[in-house]
Amino acid sequence: MTEPTLEPTGASGATGGPGPTPSKGTPKRRFGGTHRQIRSALAFYKVLAYATGVMLLLVVVEMVAKYGFDSEIVAGGGAAIQFLPEVVAETAGGFNLSTAVLIVHGWLYVVYLIADFRLWQFMRWPFSRFVLIALGGVVPLLSFFVEKRVHRQAEQDLTAHPEAAPRY
């Protein structure tokens, strides 16, 4: 399924000329979509990778506040941003940013996985690459590095195989 196939050289297997044909020995790459669809999926993945990475860093800040200082981050309720104990944060009257960050990151990660799956499906990469890309949204700062590498690899594949026809 993900293995490249070799182009046939002809019915007799002869190249027909003094040198090898360009297709002999070169792997034929097939994508799951057109180049335009892949570039669209790549752009969508890039936006989600950065958004998920930023939200994951905010989750780290929230966890340090919660478990390191026994505080919740609250916006409003007397000051712009406050670090309040959990009991006080519930009655302070402000907006609990700690809970909001956790919820937003969780949903962004779900959309990040959809973007990951879409790109993986179009590129027809091995399943292990899908898992590695998915881990980018779990480990802090990793999504930035994974996105750069994935983007570079996808562009190289598209450039190396401009003739690759979509599946349909």
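Residues numbered from 1 in each chain as written. Predicted model: local features only at pLDDT ≥ 70, side-chain atom pairs only at ≥ 80, totals over all residues. Heavy atoms only, no water.

(A) Geometry of helix α5 (residues 142-160). The terminal C-alpha atoms of α5 lie 27 Å apart, and with 19 residues this matches the ideal 27 Å at 1.5 Å per residue to within 8%. Taken as a whole, α5 has its buried residues at Ser143, Phe144, Val146, Glu147, Val150, Ala154, Asp157 and Leu158. Around the axis of α5, the buried residues are gathered within 160 degrees of arc, so they sit on the same side. Projecting away from the buried face of α5 at angles above 90 degrees are the exposed residues Phe145, Lys148, Arg149 and Thr159. As for α5, its buried residues are in contact with α1 (35-69), α3 (97-123) and α4 (127-135). (Helix = DSSP H or I, 4+ residues; strand = E, 2+ residues; numbered from the N terminus. Expected span 1.5 Å × (residues − 1). Buried < 20%, exposed > 50% of the residue type's maximum accessible area, 1.4 Å probe, protein only. Arc of directions from axis to C-beta. Contact = heavy atoms within 4.5 Å.)

(B) Fine view of the side chain of Asp116. Note that Asp116 resides in helix α3. Summary of buried charges: Asp116 has no salt-bridge partner, and the nearest side chain of opposite charge, Arg129, is 8.9 Å away. Within the structure, the side chain of Asp116 is placed 3.2 Å from the backbone nitrogen of Ala134, a separation counted as a polar contact. (Lys, Arg positive; Asp, Glu negative; His and termini not counted. Salt bridge = Lys/Arg side-chain N within 4 Å of Asp/Glu carboxyl O. Polar contact = N/O pair within 3.5 Å; in protein donor to acceptor, adjacent residues only side chain to side chain.)

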